[in-house]
Structure formats: C-alpha cells, structure tokens
Amino acid sequence: MNKPGYFGQWGGAYIPEVLYETFRELREVYAKAKADQAFWQEYLALMSSYSCRPTPLTRADNLSRHFGGAQIFIKREDLNHTGAHKANNVMGQGLLVKRMGKTRVIAETGAGQHGVACATMAAKFGFACTIYMGEEDVHRQRPNVFWMEKLGATVVPVTTGSRTLKDAINEAFRDWVSNMDTTHYVMGTVCGPHPFPEMVAWFQSIIGQEARKQILTSHGKLPARVYACVGGGSNAMGIFQGFLDDTEVELIGVEAGGKGLDTGQHAARLASQDASPGVAQGYKTMFLQDSDGQMRDTHSVAAGLDYIGVSPLLTDLWEKGRVRFAAATDQEVMAALDLTIKKEGIIPALESTHAFVQAFKEAGELSRDQAIIINQSGRGDKDIFTIAHAFDDPSWKEFIRKKGEEYAAR
Amino acid sequence: MNKPGYFGQWGGAYIPEVLYETFRELREVYAKAKADQAFWQEYLALMSSYSCRPTPLTRADNLSRHFGGAQIFIKREDLNHTGAHKANNVMGQGLLVKRMGKTRVIAETGAGQHGVACATMAAKFGFACTIYMGEEDVHRQRPNVFWMEKLGATVVPVTTGSRTLKDAINEAFRDWVSNMDTTHYVMGTVCGPHPFPEMVAWFQSIIGQEARKQILTSHGKLPARVYACVGGGSNAMGIFQGFLDDTEVELIGVEAGGKGLDTGQHAARLASQDASPGVAQGYKTMFLQDSDGQMRDTHSVAAGLDYIGVSPLLTDLWEKGRVRFAAATDQEVMAALDLTIKKEGIIPALESTHAFVQAFKEAGELSRDQAIIINQSGRGDKDIFTIAHAFDDPSWKEFIRKKGEEYAAR
Amino acid sequence: MQLADQLRQTRSKKDILLMTHLVLGYPSFAVNREVIHQMVANGVDVIELQIPFSEPMADGPMIIKANQESIANGTKVADCLAFAAEMAAQYDIPFLFMTYYNILFKYGLKDFLHKAKEIGIRGFIIPDLPPEEGEEYLRLAREFDLAPIQIFAPTSTEERMRTLAGHGAGFIYCVARRGVTGSKTEFDASFDEYLARCRRATDLPLAVGFGISNRADVQILTGKADLAVIGTATIRLVEEKGAEAVGPFIAGLRG
Amino acid sequence: MQLADQLRQTRSKKDILLMTHLVLGYPSFAVNREVIHQMVANGVDVIELQIPFSEPMADGPMIIKANQESIANGTKVADCLAFAAEMAAQYDIPFLFMTYYNILFKYGLKDFLHKAKEIGIRGFIIPDLPPEEGEEYLRLAREFDLAPIQIFAPTSTEERMRTLAGHGAGFIYCVARRGVTGSKTEFDASFDEYLARCRRATDLPLAVGFGISNRADVQILTGKADLAVIGTATIRLVEEKGAEAVGPFIAGLRG
Ligand SMILES: Cc1ncc(COP(=O)(O)O)c(C=O)c1O
Ligand SMILES: Cc1ncc(COP(=O)(O)O)c(C=O)c1O
C-alpha cells in the first residue's frame, strides 16, 4: 500500500506547517464529499444546467478520410461553459468551498482558462476572487485577463521567477498562507500537494465517464487509442480515467515540444530526457530542473502547457507503462490547427491541438474499424492573438495597428 | 387561408425572374424534408453530436434574488458550437444543400456570427463558401472575419449602401443570380423571400421545443414571459415557437434602441414609430425607410441587430398582439451585460443582452412563483473589441496600443 | 395605340429598335435632359427611366453607384415624376419607368400608376415583382392601359415563359444571361436556343438586355430580337466622355 | 555538545539570543562574508544560511528577490557548501542551513547531510518538509547528529506541536504569524497565548521569527522566547546602507 497522497513514488504533500490544519480540513471535506452520493449528483446537476454536460463526442469523418486510417472522434470539452475542461474542476471545488463555508477563492492561471473558469465560478457562487497570473501570460492572454476582471476578479500579474505558471502557483501559495482562514486555493490542475491531484482528477473524471459511454454507443466498441495534451495533466487524467482498466486501450499524453526537444526550449517532462525527479510546489514528480534542483525556463506556444512539472498520477502511469508520452512542436501544432479548422470546422485551443498532432501522426497506422479519441480540452477563440500572430495574418495585423493608433490618439 | 409564403399580410417572395426555378426547387426540397421524419432525426443527431444540443436552461438565482421577482432562467444558445443559435440554421440548411447536390454556399453576415457558422458548416460538409459582410461590420467584428478565413471561406467586404447587413444581403443575391446552378444562399435569419422565413424558423424551432420541456421540468409550469432579442428574428422565433399556443405565456421581442428611439439612431422596427410597411430584400415587412421608400441608416452597438427589416412572422405576431416589442439602448445594454457577468458568470453577446435589459426591467413586477426565460442567443467573447472599448478598459487599450506598435514596427 | 402595336409599327420600318436606359438624377437631371435629347435626336425608339432605389438588388456596380449617388444628391420620387412628365411631353417616343417595387408600393400602387398614366408614361419594368406578387399591379396596369413589362430569363422554362407572357404587355424583356446588369454577355448557341424559346412562348416584341454595349452586339441581335437594350453602356459613356458623346455612340449602333 | 544544550548554555548568560539570516550569494559571497563578520563581531548567537532556490514558496518579496538574483548571478549549491565550510571553520557559533527540500533531494539526501556534517553545519530549517514527508531526513539527521529544526505556526494545535517537537532537535522555530517572511508582526494577546502554547508543547528552546526588525521587537520577545530571529531586516539593511551598517544594527538590538 502507498502512503496516502502517493502514486507510486510520486506525489505527497510538501507544505509549510502553517497550512497543516488547512489541508487536514480540505482532505476531510473532500473525503466526505467523495463518500456522499448526493454530492456527485449535485455536481452532475450543476454541470448539466450551468455548463453543457455531457459534452458531445464528435465523429470527425473528414479527418478520418484524410488520414485513411482509424475513425477519429473528438471529445468536445471546448463546448463547456467558459470554453474548456477547466469548468469541471472549478465547479467541483466551488461546491466544496461552499461546504467549508469559505468566502474567497484564489487561483493560479497559465493560459487564463483556469483563471476565467475560477472567476466565473466565484461570480456564480458569490465568492471574492483573486487570480495570480505570470506577467508574461498576462500579455499572451489579454482577452482572458479582461474577462476575469469583468467577472469581478482581481488579476495579479506575477513578476517573480520566469513570470509564468509556476511562479503564479508560488504566489497563490504565498497568499494562501496568509489568508487560509477565509480562502480556498482552487488549484487548476492535477498537481500540487495532496489532495489536489486526486481531487481535481476526480472532478475531471466526468470526461472519461462520458467518453467511454459515448464511444461504445457510436462505435460499438472501445477505442484503440486516446490522446490528450498534458500541461499539469487534468484534461488527460480526466479522459484517461474512463479507460484505465481497459488494458487494450492505449493512452497517449502529448506534451509541449516547443521549438524542439533538442533545443531545450520546450515543456516536455516525460517525453524528453530533460526532466528528473524533484520536489517543488508541494509535490514530488519529474521536473524540468538543473543539476542543483533549480527549475528551468520552459517554452510553449500554448501558455497552458508551459509548466515545469506534471501530475504525479501521470508520472506514475508513465513509469508503469500505462500511459505513453509524446511531444508536439509549436510548428506541428499550427499545421494541425489549420487542418482541423479547415476539415472539420472545429477550432481547438493551442493546448488541445498538441493532442491532435500526435493523433494525426498515428491515425494512418490503424485500420478503418478502429477508433481513436482526441480530447479537445478547449476552444481556440481565446488564442486569437497568438494564432493570428503565428499565422502572420496581414489583415489582422493591420486591424490591430489601426486600433492601436486610434487608442494612441486619445 | 393566406397566400403561400405570407403571414397575415407580411412575407412573400419578391424575387427576380432569373431565380424563379431556384426557389421552386428550394421550396420543393424544403417541403420534402419537412414531410420526412428521418430528416428531422438526422438534423437532431447532427446537432447533438457536432454542436451541444440540447443546450441547457440555466437557473439564474443571483439575478432572480437581485430583482426580487420572477425566477429568471436563461436558455443557453451561447453554448452551441461557434457560440450562437446561428449554428441551428446553418446546419439545417447544410443538410438541404447536400440533398440539392449543390457544392457552394454563400451568406450575408452582420455580427459575423452567421458568417462563422456558415463557414463552419461549409468546412464540415466540404462546400466552397463566400461570405458577404458590410465593410463597417468587417471592422466591428474582425475576429470573426479572421476565423471565417481560417475556416476556408472567402470574405467579401461590401462597400455599397450603408456597408452593413442589408447591403451584404443585396450583394449575396447578386452573387446568387449569377451562380444559382451550383450555389445555395444560406440566409442567416427568418427574413428574405419565401421559403426562407418559414424554413429558418423551422430549424430554429429546436430552441423552443427544448426550452418548453426544460422549463416544465425545472419550474413545474410554463413561464410567465419569454424574452428574446430581435435582429432579423431567428433566435426569437426559435424560442417563441415553443410557446405560441400557450396564450398565458407572454412573448417579448427586444430590438436595438441604439442611442435612443427619439434620436433616429436605432434599429427598432416594431418598438418605434419610425418603421412603415415596405417591400425590399425579397419580402414584405415593416422597414425603417423614408417617405419615398428609401431605406434608412440604422444604428446599434450590436452589429447583429443593426438591420432595417424584421421577420414577416414577427410582424404578423406583433400585429396580432401575440408578441410584444420593446427596445434596449446601447447604454442599457452595457449595464445589463456588466450585471449579468458579475452576478452569474455568464457573458451574453451584445445582441442577446438586449433581451436581458427588458427582462431586468420587468422581473421585479412578477412574483417569486413565476418564471421568465431569457434567450441567450450567443456568447460575448466575439464582442471583446466592442465591449472592452465600450467599457473604456484602459489596460485593454494599452495592450492593443502596444501590439499595434509592434506590428507597425515590422 | 397600345405600346406593343406601336413598337411593331416602328419595327416594321427598322431592322431592330433601340431601347436605352438611364438613372434619374444621376449625375443630375440636367445631364439626364441632355442625354435624352441626344438619344432621341439619334433615333432611340424607347427609353427606360430608372427611379433610384436604395436596395437595387438586381443591378451591377455601375448602376448601384448611380442609384446611391442620385439618392445622396437628394433625388426624390416626386422629382423623378416631374422630370418624366417633362420628357414625355417633349418627345413623342415611349418612356417607361424602371424601378423596384417598393417605390410604387410606398407611393401607393394605384396613385403611382394613375400619376404615371397622367404624365404620359407607357409602361413599367419592375425586376423584383413577379406576377405571383403583382396581381393588383397587373390589374391596375390593365385598367390604366399601361404596359407591365414581363421579364424572361435564361433559367425560365417555356411553360413559365407562357405564364409570364400571359401577364405581359408592350414587349417582353429577355434578360440575356444570368447575373446582374453591367457585365459582358456571350452570344453563343445556347443564347440562340434561349431566344428561340422566348420567341415560341409569345408573339409580343422581344427586347434583349444585359451586356449590350456596342454595334457588334446590336448586329448579332438584329433579326433575332425586336429591341436591343443599352443600359450600363451609356451610363459608363456619360461618366467617361460626357453627355455629348451619347449621340455619336447611339448613331453608331445601327446600320 | 548538542545544539539544544549549547543554546541553553549561551541563553543562561543572555536574556535572549539572536539568530540572523542571509541568502547565500546575494548580493555576493564577498558581501555575505563581511555581513557575517559584522554579525559575529556584534554578538549574534546563531546564523541561518539560506541556499537559494528558484521556487521559494514560503518567502516574501525581499527574500524571493535575493534568491532569484543569487541564482541569476550563478550561485551553485557547491559554492554555498564551500562558503558555509569556510564560515563554520572561521567562527565558532552554530551555523544552520535554511533552504527548500528540493536542494537536498536533488543533491542526494544522505550525501547532503553527510557533507553538511563534515563542514560543521549544525542543523537545517526546511519550511516545505513536514515530518510526514521527512522520515528519511529525520532518521539521517539523527544519525549524523544534525538538528532537524521543526517549525510551529499559530495555526498549529497543541497536539500537533507535541508531534512536531517529538521530531525536532536544537530548537523550535515559532513562526510569529500567518503569511510569508518580510512583513510586520503584531505582538498582541493572541501572540502571547500562542507562545504559551508553544512553551507547553516542548522544552526545546523557542526561536521566534517573521517580522522581527528592531530593538522594540526584540525587547517584547525577551523573557518569552529564547531566540529572536532577524531575517529580512538585515537583508534590507545591507541593500540600503551596505554591509558595514549591520554591526551597529545588531549591537543595538539588545541590552
Ligand atoms: C484548453 C486547455 N487545455 C489544456 C490545458 C493544460 O492543463 P491540463 O494539462 O491540466 O489539462 C489548459 C491549461 O490552461 C487549457 O487551458
Ligand atoms: C448572437 C446573436 N444574437 C442575435 C442575432 C440577431 O439575429 P436574429 O434576430 O435572427 O436572431 C445575431 C445576428 O448576428 C447574433 O449573432
């Protein structure tokens, strides 16, 4: 038997003493909720009336024909309220916050999706909300910052460290150790100290539960492979949990290959040779760090994947050989995005598109009677500035230039 | 009995002779589809697997409490694929285009939502696609233009007339009279020559069918009132059709009050005194026109409502007293948008927000055991440039200014 | 004498008749006046006067622009009626109104036709008013002895043509091709087949319009049609060379 | 002699002991050297040397900045060990390592403790390593006779304090308040109640840290705690007035 909070040798709760009681309470409330059938029912009801669950499983016939192999299915987390799977996690934790009687939530955010989702949850539940976001991401994801503020949240640009997701997490913890009495930290992914990885995975398991039912209905049998992008790992764990016991279903996690695994400018922890075991941000996993244990800078076109660590659950499944890992480069991502938009009229988020890249590489190897599922964790609308820029769209640039002048003139 | 294609004295098919055969074929295919149970089943299957139907009916408890009157429910068309009810119409017409064996679709667009939806449908079905969009709207709705182009559509900025929706419709007809053999014109709303109003209303009726079931389940009885914004009238007709025979349910259509009904700068056809019967764009309805029959310029913060005419079905229901009409000013819209975002974590499109304005004005008059439904026809993400501008958000402007300089530098 | 008979009579003296077109108030009524003078002086047989409309759905760029600018210049329907009255009084060739239905509808259908009759207009071309929607219009036209010109298109079946012809008077306006006004037309075999179809469907004079812009075009039509319709061509000419260029141009189109 | 006993002995000669803190390699080892000289010369009793870490989760802005810049300047763990060895050899007050667990973990827990022992370090303060996660660390510390300083917080129950004390050695680090290092602390009634709780839970010497920045603070603690911990205050001082200001500052804190 593992130590509680451990998955194989990974996980744990490396927390400052001042949070000891806070975590005890959180573990307790979470355990109660998990044991309570009614809680999950309340969660399902909320997700089906406030968001759009169950989200559809879309059959992508044009892409299937294009690659001439497996039948490609896409799990449509992009159709969630706020446009990504992040909604599943924040709504679940929101219900726990109500049970704990706390009145304020804080969160880190990378792409801004979790921040928007959390600010949305806070508005709906009437909580005060502060979002920590790496200054670099604030620039990369301005529209999301605007919406968070409109939703009533305070967005704090984090200027420490590499000014990205990991630093936002540190900053959120610094807030939490001061305000734990009133405040819950809504961790956005299946990382951090126990019970966060297990708890967030539980809320996201709704994806896999639906997907398994849906593929059996529409394809008549289990899929050969399931693909998901991996930042912290929550959308991947979400869908993978539907198929963990089905050993014939291969599970593939796709990390950010950035400018290429050999350039060092990537965020591939398990698909590259660059990561090593470490303890940071409250948990033990494979981190992108140097020989002293100092965390490295990472890079990805997708802010949501641009992170040094990875879920202890996934590191365990990787070590046990249950989940295979691959990486997609920024360039491959833009190409797959373009193809997906043109063939299916679907616009995946840059993060999600990483999963498409690997699926496209492998679809041709499989036969027509096999199915694969790609988890589309979110929609690409939020990425318009990044995408339009990456595609170097002249009329977009012209439009921004004009608007900019207009504002400069004032 | 009415003349076919007429609703009371409104509607008809005022089309050039060259399109006579095209419309005959369209009426025929539409009639066949309507008579064919299997067609509607195919439509439902498509909408539930490619989009997210049935879309939820969300209970807005915070807003209900805030106004201390009726229970407010929101029909979530914003959760459709592409973010608006427009998806219902384009997917339905797409299935008809397949039946007609045509290979190209064209469409007008105002807000760009119908254009994006149509380009999406074209990508999914493999049709060539050209979208006509008033030059002014191209500027107001740049992000949508970018996505249409990424989706493989050709976007033609229309520089004739007032360079808005009505002119895009004229331009689409000019394309159609040249290419009717290969091309179907996907009219985006319940306007234009017969059978468009009736046909688009049929596809949109899915909203009302769902909403009626949903409100009976979650509220136990019919709503007292149903609110929808009215541009051409498709989302309004969509939800109203679920309650037309329930005479105890009051139906309220909300038009664009722009800068105020007394300024002349609005798009209120039925809620103002400024419109009169006329025939244009192929149908007879109440138009905003001068005493010579020349169409006026209209104004709304919401591009999708900025139109001279209105569905003949609605004009008839208005004349018969079945649908009440009101107008919301740009200013009222921004206030209601802000409140809705902060209270419920929901971001309606500027068009949709017009319906919220009127519902908010009336919710307090009703008692707690009464329910009202607001049709949220779309999501506001697409409007970020307009909304951020209208809220005069300094960090947004700063961000745009910086990006603009960056692009100018190149 | 009815318009059809009058045209047949004139036609008996010429290989082909010319109908020209202009947009009222564009670039100005003064120029319209000069252009019409030149047209009549050079033997034009019929003239269609287009009352500008803000939504000219069936027109091409050139005529759209003319419509818009005329309205922008302040042209009102009343001005158009007054000008038409003046022309009809001054020249004894037939004048027709071409416009979109809303202009008549908004004015009041009966009042408009009555007024048109009064000022000497002989008929109407209304591209967005098919007979199915025009019962009242057709009835009143007959009542006032005005010609509700019907339109044939290459997409019209022979049966459809017969129906249209049944409602028509004066002549039939045969649209030479798909599309809107202003662009070039190919007069190929299928065009001849189309015209033959038109001929079989009615014994009213046949006018052919859309893309007829020079002597060669008119020659091709000679013997096949009764009237050649010159639309955009003259507007473009006035635009480029001024009103005084219209005379020579018209003179050069025939024989 | 064990650290706890040594501190008790020193404490018997002074009303309160001073523990100071600095971040290794910030602004430079040269400045560290000067600062430590001044501290020792002015009677500091214990010094915690913080090995910089890229993710100093429990620290405030001032110390975060110190950590970052030290690493940016190229400070390596090996440099810190070498410097610590030099200091421990030169001064005969106890030196402790303060850092985050990943530094030990990545170096190799056993190797790190062995090395620390070898160079004369007396113990560790690891804010992100609760005893539940530190079994191996605690076992090795005992083996090498190094003090695994345990931390009490105002949120710790008395029962929890007893558990922690059971794992601890040397002294207990009592965090004076919620939050991170660097900001002011209010020494009110609830603080006294808290310290009383700490006292009841262990007979190890009590050090109080977080927000102790001047003579007044130290005086308040005198009689209540055994050690006053000066952290951010000296770093800020060096930042503003340079290393030479440290001596007078330290001298002024007591008696
Ligand atoms: C759309 C989307 N997908 C994926 C991710 C990565 O997170 P995770 O790996 O936890 O799913 C993010 C994070 O922001 C995201 O926004
Ligand atoms: C979100 C949204 N709502 C409403 C409308 C108005 O159209 P209709 O009145 O046909 O629903 C539009 C048109 O673009 C739209 O985009």
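In the block above lies the structure referred to throughout.
A word on the sheet that holds strand β10 (residues 250-258) of chain A. Residues and elements named next belong to chain A. Across the sheet, which stays open at both edges, the six strands sit in the order β3-β4-β14-β9-β10-β13 with mixed pairing between neighbours. Edge positions in the open sheet fall to β3 (57-59) and β13 (323-329), since each of these has one partner strand only. Averaged over all pairs of adjacent strands, the angle between their axes in this sheet comes to 25°, without regard to strand direction.

This part is about the state of the cysteines. For the structure shown, the criterion picks out one disulfide over all chains. Covalently, A:C52 is tied to B:C52 through a disulfide, its sulfur atoms 2.3 Å apart. The sign of the -130° torsion about the S-S bond sets the A:C52-B:C52 disulfide as left-handed. Remark: B:C52 occurs in the loop between α2 (37-49) and β3 (57-59) and A:C52 occurs in the loop between α2 (37-49) and β3; the pair is interchain, linking two chains. On the basis of relative accessibility, which here comes to 3%, the residue A:C52 falls in the buried class. Among the cysteines around C:C174, which has no disulfide bond, C:C198 carries the closest sulfur, lying 3.8 Å off. For C:C174, a relative accessible area of 0% translates into the label buried.

Least-squares fitting of chain B to chain A yields an RMSD of 0.0 Å, with the superposition described by an axial translation of 0.0 Å and a rotation of 180°. Considering both components of the superposition, the chain copies are consistent with a two-fold axis. When C-alpha distances to the rotation axis are compared across chain B, the minimum falls at B:G404, with a value of 2.3 Å.

Residues and elements named next belong to chain B. Taken together, 18 residues lie around ligand 2, and T189, G231, G233, S234 and S377 are the ones closest in. Here an oxygen atom of ligand 2 and a backbone polar atom of G233 are 2.7 Å apart. In this structure, an oxygen atom belonging to ligand 2 sits 2.6 Å away from a side-chain N or O atom of S234. Here ligand 2 loses 98% of its free accessible area of 390 Å² to cover by the protein chains.

Attention now goes to the interface of chain C and chain B. Between chain C and chain B, the contact holds 35 residues from the first and 37 residues from the second. Carbon and sulfur atoms supply 53% of the area buried between chain C and chain B, which totals about 3,000 Å² over both sides. Connecting chain C to chain B are four salt bridges. The closest approach of N and O atoms between C:R178 and B:D181, which form a salt bridge, is 3.1 Å. Counting residues per element, the ones that place at least two in the side of chain C that touches chain B are α3 (61-72), α5 (101-107) and α8 (158-167) of chain C. It is α5(C) that contributes the most residues to the side of chain C that touches chain B, five residues altogether.

Looking now at the nonpolar core. One finds C:F97, C:F171, D:F97, D:L113 and D:F171 to be the most contacted residues of the largest nonpolar core, which totals 484 residues. Those residues within four positions of D:F171 in sequence are excluded, and the remaining contacts are D:L3, D:L7, D:M19, D:L96, D:I125, D:I149, D:Q150, D:L204, D:P205, D:A207 and D:L227.

A separate point is the packing of aromatic side chains. Taken as a whole, this structure holds 73 aromatic pairs over all chains when the rule is applied. When the centroid spacing of 5.4 Å and the interplanar angle of 55° are considered together, the rings of A:Y283 and A:F287 count as tilted. Here A:Y283 and A:F287 have matching classes, each one buried. Aromatic pair A:W396 and B:F146: ring centres 6.1 Å apart, planes at 50°, arrangement tilted.

Cut-off values and rules
- Residues numbered from 1 in each chain as written.
- Chains lettered and ligands numbered in written order.
- Predicted model: local features only at pLDDT ≥ 70, side-chain atom pairs only at ≥ 80, totals over all residues.
- Heavy atoms only, no water.
- Pairing = 2+ DSSP bridges.
- Helix = DSSP H or I, 4+ residues; strand = E, 2+ residues; numbered from the N terminus.
- Axes fitted to C-alpha atoms, helices over the stretch in contact; angles between N-to-C directions.
- Disulfide = S-S within 2.5 Å.
- Buried < 20%, exposed > 50% of the residue type's maximum accessible area, 1.4 Å probe, protein only.
- Least-squares fit on C-alpha atoms with pLDDT ≥ 70 in both.
- Near = heavy atom within 4 Å.
- Polar contact = N/O pair within 3.5 Å; in protein donor to acceptor, adjacent residues only side chain to side chain.
- Areas by Shrake-Rupley, 256 points an atom, 1.4 Å probe, with all protein chains shown as cover.
- Contact = heavy atoms within 4.5 Å.
- Buried area = accessible area lost by both parts, 1.4 Å probe.
- Salt bridge = Lys/Arg side-chain N within 4 Å of Asp/Glu carboxyl O.
- Core = buried A, V, L, I, M, F, W, Y, C linked by side-chain atoms within 4.5 Å.
- Phe/Tyr/Trp six-rings, centres within 6.5 Å; stacked < 30°, edge-to-face > 60°.

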